[in-house]
Amino acid sequence: MPSSDLSSNKSKSSSHDRDNTIFPIPELAIARFKGTDTVDFLQGYLTCDTTKIGDTKPTLWSICNIKGRAVANGWALRNDYETIDLILHNSLVDPLLMF
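Thresholds, definitions, all that
- Residues numbered from 1 in each chain as written.
- Predicted model: local features only at pLDDT ≥ 70, side-chain atom pairs only at ≥ 80, totals over all residues.
- Heavy atoms only, no water.
- Phe/Tyr/Trp six-rings, centres within 6.5 Å; stacked < 30°, edge-to-face > 60°.
- Buried < 20%, exposed > 50% of the residue type's maximum accessible area, 1.4 Å probe, protein only.
- Helix = DSSP H or I, 4+ residues; strand = E, 2+ residues; numbered from the N terminus.
- Core = buried A, V, L, I, M, F, W, Y, C linked by side-chain atoms within 4.5 Å.
- Pairing = 2+ DSSP bridges.
- Salt bridge = Lys/Arg side-chain N within 4 Å of Asp/Glu carboxyl O.

Caption draft 1: Quick look at the packing of aromatic side chains. This model, assessed by the stated rule, comprises two aromatic pairs. Ring geometry for F41 and Y45: centres 5.2 Å apart, planes at 50°, overall tilted. The class of Y45 is partly exposed, set by a relative accessible area of 39%. Their ring planes at 85° and their centres at 6.1 Å tell us that Y45 and F99 sit as a pair that is edge-to-face. You can see Y45 sitting in the loop between helix 1 (38-43) and strand 3 (59-64) and its partner F99 sitting in the segment after helix 2 (93-98), a full 54 residues away along the chain. F99 gets classed as partly exposed once you look at its relative accessible area, which sits at 42%.

Caption draft 2: Main features of the nonpolar core. Ranked by internal contacts, the top residues of the largest apolar core, which has 19 residues, are L46, W61, I63, I84, L86 and L88. Those elements that provide at least two residues to this core are strand 2 (28-34), helix 1, strand 3, strand 4 (70-80), strand 5 (83-89) and helix 2.

Caption draft 3: Molecular detail of the pairing of strand 4. Pairing of strand 3 with strand 4, which is carried by six bridges, proceeds in the antiparallel orientation. Across the sheet, residue S62 finds its bridge partner in strand 4, namely N73. Between the antiparallel neighbours strand 3 and strand 4 lie five residues, among them G68 with a positive phi of about 90°. Two elements, strand 4 and strand 5, share six bridges in a ladder whose sense is antiparallel. Across the sheet, the residue bridging to G74 is L88, located in strand 5. Count of turn residues in the strand 4/strand 5 antiparallel hairpin: two residues.

Caption draft 4: The pattern of salt bridges, seen in detail. In this structure the tally under the stated criterion is one salt bridge. When the shortest N-O distance is used, the salt bridge between R32 and D85 registers 2.7 Å. Here D85 lies in strand 5 and R32 lies in strand 2, a separation of 53 residues in the sequence. For D85, a relative accessible area of 6% gives the class buried.

Any link to function would need more than the numbers given here.
Right under this line is the structure:
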């Protein structure tokens, strides 16, 4: 089973150049799943095709309970073959952790 890490996005801008500025979005969190079977593991839970999650274009995802109601949703990005980041709103962190 892959490991997961949940953290808030608190990056800061160190540049005043508009083309190279990082804009923090404190309302978002990242759930990081890492392990050799991450893609297969998440395929059973997410509504998107985890084999098509890329590293440049975010993929929309949702996770639903047994009744089909959405528990959390957001965007997914792949860092490398074994790591997938799920980006979600901070208000969905607790429901995702309780899932």
